[in-house]
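Understanding the architecture of this molecule
As a plain string of letters, each chain reads:
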Amino acid sequence: MVMKKIKIYIWMLLACVLTACSGNDDVDYVAPWTEEYELPQGKSDADDRIVDYYNRYGSYILYEYSLIDFRYEVDEYSFYNFKLPDPAYVGNMLDLLEDIWFDFYPDEFHKKYMPLKIMLTENMTYENSARYYFTLTGESAVGIGWCSDTLREITPTTKLEFKNELQGALWEIWTGKLEFPEEFFAVSDYSIAADDDPASENYARKRGFVAEEWDYEWSMVTDWETGMLDEQKDLKSFLTAMITRTSAEWKADLQYPLVREKYDILRNWIQKTYGFDLQKIGDTTYE
């Protein structure tokens, strides 16, 4: 099968060094380093699907790339070890990404906000830890782990963990790029910290705040510089909860009127503005 080759050029400024020499104002300049990628990469049965994704969304799904590109894009401080994937499992990875990412969002959203590069790996570990990470994100790229034979026997529990970690990482990128309604921030008072006593009028839920990941009550601590609660942490706590909690898991928090008000504002805004339902992502589980 003959496919049109699509090229991507990555420009990196390796160094621009100023030198101070007596009587010499010249600047030593190192030309930008370039690397060229072509699609299809030619070693996977899923190459035609990768080209189709590029044509639809303008994103490059890569299973071969350089170490320096991975470091530059998603691991600037070289904290992670990774291994390139076996191309035989790329199709399995695309099947998984359709279930836990691509199918949740409309094409128009993908065209605007899908990372430029999706860099598949067999595994990613943080330094010497034994844990394999699913996702690692940069400004315009995402590294995806587990592209290996493990995908052929992935359990529903692992698939759900993968979905939640991936969605959380993507929304870390998107929260800084999307618009959100001012009405959301007008509901709660950010001037004083909340507390975790349900009997108190200052209880976080009564104030309209929900816990961040790992049940961390972010609203109990004000910013040391401003003396205020962080509005962005408030937004991120709602977004994270909506993409990782089921409707049943929201039930207790939504009994509090201010939480319900902010939940409805955000959910309705996303649906109207971007064309998808955040809670559908949270409600998606696997059997």
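Computed from a predicted model, the values in this text were never measured in an experiment.

A look at the overall build of the protein
Along its length, the protein carries 10 helices and 10 strands. Within the protein, contacts between residues at least 6 apart in sequence are counted, and of these 69% link residues at least 24 apart. As displayed, the protein has an accessible area near 15300 Å², and 49% of this comes from carbon and sulfur atoms.

Details of the packing of helix α1 (residues 47-57) against helix α3 (residues 90-100)
Relative to each other, α1 and α3 sit at 40 degrees, their axes nearing to 9 Å. Taken as axis vectors, α1 and α3 run oblique relative to one another. On α3, the residues touching R49, I50 and Y53 of α1 are V90, G91, L94, D95 and E98.

Here we look at the nonpolar core
Counting residues in each nonpolar core, the largest one holds 77 residues, and the members touching the most others are W101, W171 and W174. Not counting the four nearest positions on each side in its chain, W171 is found in contact with Y105, L178, F180, L239, I243, I270, F276 and L278.

Quick word on the layout of surface pockets
Each pocket or cavity is described by its volume, and for the largest pocket that value is around 920 Å³. Around the largest pocket sit 34 residues that line it, and N164, E213, W214, T240 and T244 are the ones nearest its centre. Counting residues per element, the ones that place at least two in the lining of the largest pocket are β9 (135-137), α5 (156-174) and α7 (231-244). Broken down by element, the residue count for the lining of the largest pocket peaks at 8 residues, all from α5. Per-class residue counts for the lining of the largest pocket are 9 nonpolar, 12 polar and 13 charged.

Quick look at the confidence of the model for the protein
Predicted coordinates in areas of low pLDDT are best not read in detail. Summing up the model confidence of the protein, the mean pLDDT is 89 and the portion of residues at 70 or higher is 87%. For the stretch residues 9-33, pLDDT sits under 50, and the model shows 32 contacts to residues farther than four places along the chain or on other chains.

Some details on the packing of α3 against α5
Running from amino to carboxyl end, α3 crosses α5 at an angle of 70 degrees, the nearest separation of the two axes being 10 Å. Put simply, α3 runs roughly perpendicular to α5. For the element pair α3 and α5, the recorded crossing hand is right-handed. For the pair formed by α3 and α5, the contact residues are M93, L96, L97, D99 and I100 on the first element and K159, F162, K163, L166 and Q167 on the second. A class-by-class count of the residues in the contact of α3 with α5 yields 6 nonpolar, 1 polar and 3 charged.

Reading guide: rules and limits
Residue positions within a chain follow its written sequence, with the count starting from 1. Given that the model is predicted, a residue must reach a pLDDT of at least 70 before its local features are reported, and side-chain atom pairs must reach 80 or more before they are shown or counted; all residues, however, enter totals for whole chains, interfaces and linings. As a rule here, side-chain values cover all heavy atoms of the structure and leave hydrogens and water aside. Think of it this way: any DSSP run of H or I at least four residues long counts as a helix, any run of E at least two long counts as a strand, and we number them from the N terminus. By the convention used here, residues are in contact when the closest approach between their heavy atoms is within 4.5 Å. Computed with the Shrake-Rupley method and a 1.4 Å probe, the accessible areas treat only the protein chains shown as cover for residues. Note on method: axes are straight lines fitted to C-alpha atoms, helices fitted across the in-contact stretch only, with angles between N-to-C directions ranging 0 to 180 degrees. For this classification, under 35 degrees means roughly parallel, over 145 means roughly antiparallel, 65 to 115 means roughly perpendicular, and everything else is oblique. As used in this record, nonpolar core signifies buried Ala, Val, Leu, Ile, Met, Phe, Trp, Tyr and Cys residues forming a set joined through side-chain atoms within 4.5 Å. Here the term buried applies to any residue with accessible area under 20% of the maximum for its type, exposed to any over 50%, and partly exposed to those in between, with areas from a 1.4 Å probe on protein chains only. Definitions used for this entry: grid spacing 1 Å over protein atoms alone; cavity, a set of points where a 1.4 Å probe fits but cannot get out; pocket, an open set with protein on both sides within 12 Å along at least 5 of 7 lines; lining residue, one with an atom within 4 Å of a point. Grid points are joined across faces, edges and corners, and a volume is the space filled by probe spheres set on the points. Three classes are used: nonpolar for Ala, Val, Leu, Ile, Met, Phe, Trp, Tyr, Cys and Pro, charged for Asp, Glu, Lys and Arg, and polar for all others, with Gly counted as polar. What pLDDT expresses is the predictor's confidence in each residue, scored from 0 to 100. In a left-handed crossing the near helix is turned counterclockwise from the far helix by less than a right angle, and in a right-handed crossing that turn is clockwise.

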